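Fold and geometry: a report
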Amino acid sequence: MEEGQLAVDAHVHTQWSWDAASGDMEGSCRQALRIGLRGLAFTEHADFTPWHITDKVYERLSPRYREMVSPERTLTPPRLDTESYLAAIEKCRHLFPDLRILSGVEIGEPTWHVSEVAELRADGGFDRVLASSHSIKRDGASHMVGDAAAISSGASVLSEYLVDLARMVESSDQFEVLAHIDYPLRDWPADEPFNIDDFEDNFREVLEKLSATDRVLEINTVMPLHETILRWWADSGGARVSFGSDAHDPSRVGQGIREAMAMADSAGFRSRLEDPFGYWFRS
């Protein structure tokens, strides 16, 4: 990779993701070229889990999202319009020939929705397939992690989340990249102390199962990945990483990628000259 050049931002959302109210695929491409990105992967949300929304969370929702909530306080995310999304990808490839543009999808809780995921994969032909979890189950209902954090301790949410994540990695072969392994930390209670070492066993179990299937750990930059997690990934035999801003609007495209590259480099991960648009490998 040329000095000063940014790696591919492999986790970007646009107007085709149900929760990206400010998403703009063409605007994201322009931003990528402006800041010197090599390429983008547009990994739109494919969420099938209906979430129970507490009154406290409902009060914070904008009118756009309140319209998605039923009178019983269930938010059912709209399905990804795969055909229109892929047509938009092709249009951007024509408009921005100097930018490598990959199609992709971020599948939420794939083990909970096996038939829907299989149908999506058959229709899409995506270049990048991420999987993630945004959910915790409480009292027979699925809650968004941030909502669960409001009614439980951060420690209990993170522990349960990582147990579910390990089960997901072990049980599903429908993805290649594990996105934001540390997702619950985004909603960690301000008054609750956090020590990464308290969750070492939980994190290591996920990482070892991911490594055993030769898959990829994402370094998500919404919250900088704790360097200890990256060290545990290397210890487990993890061989590949990808980088993702998780941008939901063009202004965030590429944010934190340079710092993530430096952290990956210090942990022994490098870009391969024969595939400058691919994953980084541990040397």
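1. Section: the packing of helix α1 (residues 25-35) against helix α4 (residues 82-95)
- The geometry of α1 relative to α4 is characterised by a closest axis approach of 10 Å and an angle of 35 degrees between their N-to-C directions. The hand of the α1/α4 crossing is right-handed. Two secondary-structure elements touch here, α1 through Met25, Glu26 and Cys29 and α4 through Tyr85, Ala88, Ile89, Lys91, Cys92 and Leu95.
- Of the residues contributing to the contact of α1 with α4, the split by class is 7 nonpolar, no polar and 2 charged.

2. Description of the environment of His11
- Of note, His11 is situated in strand β1 (residues 9-12).
- Exposure remark for His11: the relative accessible area of 0% places this residue in the buried category.
- Between the alpha carbons of His11 and Asp81 there is a distance of 18 Å; along the sequence they are 70 residues apart.

3. Details of helix α8 (residues 200-212)
- For α8, with 13 residues, the first-to-last C-alpha span of 18 Å sits near the 18 Å given by 1.5 Å per residue.
- Regarding α8, the residues found buried are Asn202, Phe203, Arg204, Val206, Leu207, Leu210 and Ser211.
- Looking at the buried side of α8, the elements it contacts are α7 (154-171), β9 (177-178), β10 (216-220) and α9 (227-235).
- Where α8 ends, the next residue or the one after it, Asp214, has phi of about 55 degrees, a positive value.

4. Things to note about the packing of aromatic side chains
- Taken as a whole, this structure holds 9 aromatic pairs when the rule is applied.
- Ring geometry for Trp18 and Trp51: centres 5.9 Å apart, planes at 35 degrees, overall tilted. Here Trp51 lies in strand β3 (residues 51-52) and Trp18 lies in the loop between β1 and α1, a separation of 33 residues in the sequence. The pair formed by Trp18 and Trp51 is uniform in burial state, with each residue classed as buried.
- Ring centres of Tyr85 and Phe126 lie 6.4 Å apart, and the angle between their planes is 35 degrees; this geometry places the pair in the tilted category.

5. Some remarks on unusual backbone geometry
- Notably, Asp214 is not glycine yet its phi reads approximately 55 degrees, a positive angle.
- Along the chain, Asp214 falls in the loop between α8 and β10.
- Although it is not a glycine, Asp246 adopts a positive phi angle of roughly 60 degrees.
- Checked against the element boundaries, Asp246 lands in the loop between β11 (240-244) and α10 (257-266).

6. Looking at the nonpolar core
- Counting 67 residues, the largest nonpolar core has Ile181 and Phe243 as the members making the most contacts within it.
- At 8 residues, α7 tops the list of elements feeding residues into this core.
- Residues within four places of Phe243 in sequence aside, it is in contact with Ala7, Val8, Asp9, Ala10, His11, Ile219, Ile257, Ala260, Met261, Ala264 and Trp280.

7. Let's talk about the pairing of β10
- With 5 of 5 residues buried, β10 is to be regarded as a mostly interior element.
- In β10, alternate side chains face the same way, and those of Val216, Glu218 and Asn220 on one face and Leu217 and Ile219 on the other are all buried.
- Pairing of β9 with β10, which is carried by 2 bridges, proceeds in the parallel orientation. When the sheet's bridge partners are listed, Val177 is paired in β10 with Val216.
- Regarding topology, α8 serves as the crossover connection from β9 to the parallel β10, and that connection is right-handed.
- Judged from the 4 bridges that link them, β10 and β11 form a sheet pairing that is parallel. Bridge assignment links Ile219 to a residue of β11, and that residue is Phe243.
- Following the backbone out of β10, through α9 and into the adjacent parallel β11, one traces a crossover that is right-handed.

8. Digging into the pattern of salt bridges
- By the definition in use, this model includes 12 salt bridges.
- Across the pair Arg93 and Glu90 runs a salt bridge, and its minimum N-O distance is 2.6 Å. Of the two residues, Arg93 and Glu90 both sit in helix α4, 3 residues apart, roughly one turn of that helix.
- Given the relative accessible area of 30%, Arg93 is considered partly exposed.

9. Some remarks on helix α5 (residues 114-124)
- Residues Val117, Leu120 and Gly124 constitute the buried set of α5. Down the axis of α5, the sector holding all buried residues measures 60 degrees, keeping them to one side. Exposed residues pointing more than 90 degrees away from the buried face of α5 are listed as Val114, Ser115, Glu119, Ala122 and Asp123.
- Looking at the buried side of α5, the elements it contacts are β2 (39-46), α4 and β5 (100-108).
- Phi turns positive one or two residues past the end of α5, at Gly125, with a value near 60 degrees.

Reading the values: rules and limits
- Residues numbered from 1 in each chain as written.
- Predicted model: local features only at pLDDT ≥ 70, side-chain atom pairs only at ≥ 80, totals over all residues.
- Heavy atoms only, no water.
- Axes fitted to C-alpha atoms, helices over the stretch in contact; angles between N-to-C directions.
- Helix = DSSP H or I, 4+ residues; strand = E, 2+ residues; numbered from the N terminus.
- Left-handed = near helix turned anticlockwise from the far one by under 90°.
- Contact = heavy atoms within 4.5 Å.
- Nonpolar A, V, L, I, M, F, W, Y, C, P; charged D, E, K, R; others polar.
- Buried < 20%, exposed > 50% of the residue type's maximum accessible area, 1.4 Å probe, protein only.
- Expected span 1.5 Å × (residues − 1).
- Phe/Tyr/Trp six-rings, centres within 6.5 Å; stacked < 30°, edge-to-face > 60°.
- Core = buried A, V, L, I, M, F, W, Y, C linked by side-chain atoms within 4.5 Å.
- Pairing = 2+ DSSP bridges.
- Right-handed = clockwise from strand over helix to strand, strands pointing away.
- Salt bridge = Lys/Arg side-chain N within 4 Å of Asp/Glu carboxyl O.
- Arc of directions from axis to C-beta.

The analysis is restricted to geometry; functional conclusions fall outside its scope.
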